[in-house]
Amino acid sequence: MDKYFHKIFITNLPSFYKINLYNEINKHCKVLVIYTNDNAEGRNKDFYRGNMQFEHIHLNSNRFIRILQLIKILLQVSYNELILGGWDSLPLWIGAIISPKNKNALVVESSYIESTTTGIKGFIKRVFVSRISKVYASGKSQRKLTDSLGFKGETIITKGVGIFNYISQPPFTPRSEVKNFIYVGRLTRVKNLEYLIDKFNQHPELNLTIVGFGELEDTLKAMAKSNIKFTGAINNKDLHTYYQNADVFILPSIVEPWGLVVEEAFNNGTPVMVSNNVGCAEEIVTEENGVIFSLNPDNFEEQLLKILDINIYNDMRKHIANMDFEAIEQYQINCYL
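All figures in this text were calculated on a predicted structure; none of them were measured in a lab. (Residues numbered from 1 in each chain as written. Predicted model: local features only at pLDDT ≥ 70, side-chain atom pairs only at ≥ 80, totals over all residues. Heavy atoms only, no water.)

What follows covers the packing of aromatic side chains. On inspection of all chains with the given rule, the structure shows 15 aromatic pairs. Here phenylalanine 181 and phenylalanine 200 contribute two aromatic rings whose centre-to-centre distance is 5.2 Å and whose plane-to-plane angle is 65°, an arrangement assigned as edge-to-face. Of this pair, phenylalanine 181 sits in strand E8 (residues 180-184) while phenylalanine 200 sits in helix H6 (residues 193-201), and the two are 19 residues apart along the sequence. The pair phenylalanine 181 / phenylalanine 200 is uniform in exposure class, with both members buried. Put simply, the rings of Phe9, Tyr22, Phe54, Tyr136 and Tyr336 pair up and form one aromatic cluster. Cation over ring: lysine 103 sits above tyrosine 79, and NZ or CZ is 4.9 Å from the ring centre. Between lysine 159 and the ring centre of tyrosine 331, over which it is positioned, the NZ or CZ distance is 5.0 Å. (Phe/Tyr/Trp six-rings, centres within 6.5 Å; stacked < 30°, edge-to-face > 60°. Helix = DSSP H or I, 4+ residues; strand = E, 2+ residues; numbered from the N terminus. Buried < 20%, exposed > 50% of the residue type's maximum accessible area, 1.4 Å probe, protein only. Lys NZ or Arg CZ within 6 Å of the ring centre and 35° of its normal.)

See the structure below:
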């Protein structure tokens, strides 16, 4: 292993969009990624696949051994910046404590909407943030979280959580009606899919395709009327067909730190309809590319009528077709350089 790195990332597991980001950063400066290998469930296998072109280490699965391993690594190498991928595991705390504060940075992908800032949990987060000199916040909602924790250092808004597998942006083609909606993600409670199915049960004239798997699959299928279809898991490389065949991507989450699928929908030319709890809503969803509906008070129907207006909808498609994803990608890379 090399003895000097410009940036060391400590994060959980490999994910394709983080691998893509680290590969791009590594083209400009020397990167080491330390994977803590904490458990994660409910993802397709290809979610964790990618060609890692940077130096990386997977810590031992034994909790005691991996802490010793991490301490040894950090004491043996030199680096300009230690970038911690959160505050929810012991290795991240070890890194924050033994590394000098002026070298410590924190990636914040949780938003103020779903992350506790009061009580004992809030106190613990404030202690962690006191060891940080720079924050890479994915958007406005994430910056509000660290601001509420009293962070006074430098904050850089990256406008993203990684680089997904971009495709060539499809050209604008107007549509004659808005009828086919799609959800892509895990079938879990926080995604609020029972709420979504209830809404589409009341609109048999609209179609909803649900892509994904999870513990609520049987429950959701039992609720759904004939206008709602389930596909199960779809490989990431094949998702573009589903996005492009749909008229609207919809994400009704109760908890959603960011929402990479919203960016994927845009990249496929598809307007979006997201709840106000989706972490990227404040940063990248505007009246030019989608609608945001409130869960409390519930104004789903009002926002649904707006996106069903064919003139408003086609204006959204036209705007999305002109989005520059190369520039969006480069902006995020530059934030780390």
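Moving on from the model shown.
Bringing the nonpolar core into the picture now. Judged by nonpolar contacts, the single largest core of 54 residues is most densely connected at Phe181, Phe200, Phe249, Val262, Met273 and Ile307. Here valine 262 is in contact with Phe249, Leu251, Val272, Val274, Cys280, Ile284 and Val285, once residues within four sequence places are set aside. Formed by 29 residues, the second largest nonpolar core is a distinct cluster that contains Phe5, Leu70, Trp87 and Val108. (Core = buried A, V, L, I, M, F, W, Y, C linked by side-chain atoms within 4.5 Å. Contact = heavy atoms within 4.5 Å.)

Attention now goes to the pairing of strand E10 (residues 228-232). Across 4 bridges, strand E9 (residues 207-211) lies against E10 in parallel orientation. Looking across to E10, one finds that valine 211 is bridged to glycine 232. Considered for its hand, the β-α-β crossover made up of E9, helix H7 (residues 217-223) and E10 is right-handed. (Pairing = 2+ DSSP bridges. Right-handed = clockwise from strand over helix to strand, strands pointing away.)

In this section: helix H3 (residues 90-98). The set of residues buried in H3 consists of Pro91, Leu92, Ile94, Gly95 and Ala96. Against the buried residues of H3 lie strand E1 (4-11), helix H2 (63-76), strand E4 (78-84), strand E5 (104-108) and helix H4 (119-129).

Turning next to the sheet that holds E10. Paired through backbone hydrogen bonds, the strands of a sheet run either parallel or antiparallel to each other. Spatially, 6 strands are ordered E10-E9-E8-E11-E12-E13 in an open sheet, and the strand pairing comes out parallel. Looking at which strands have only one partner, the edges of the open sheet turn out to be E10 and strand E13 (290-293). With strand direction ignored, the average angle separating the axes of adjacent strands in the sheet is 20°. Bridge count between E8 and strand E11 (residues 248-251): 2 bridges; the pairing is parallel. Along E11, the bridge assignment pairs isoleucine 182 with phenylalanine 249. Sheet strands touched by helix H9 (residues 260-267): E8, E11 and strand E12 (272-275). Its angle to E11, the strand with the most contacts, is close to 175°. Relative to the sheet, helix H11 (residues 300-308) contacts E8, E11, E12 and E13, its axis offset from that of E13 by approximately 175°. (Axes fitted to C-alpha atoms, helices over the stretch in contact; angles between N-to-C directions.)

Turning our attention to the sheet that holds strand E7 (residues 154-157). If you walk across this open sheet you meet the 7 strands as E3-E2-E1-E4-E5-E6-E7, and the pairing is parallel. Two strands in the sheet have a free side with no partner beyond their single neighbour: strand E3 (55-58) and E7. Direction aside, the axes of adjacent strands within the sheet are offset by 20° on average. In this sheet, E3 lies alongside strand E2 (residues 31-35) in parallel orientation, the contact comprising 4 bridges. In the sheet register, valine 33 faces E3, and the bridge partner there is histidine 56. Where H2 meets the sheet, its contacts fall on E1, E2, E3 and E4, and the angle it forms with E2 comes to roughly 165°.

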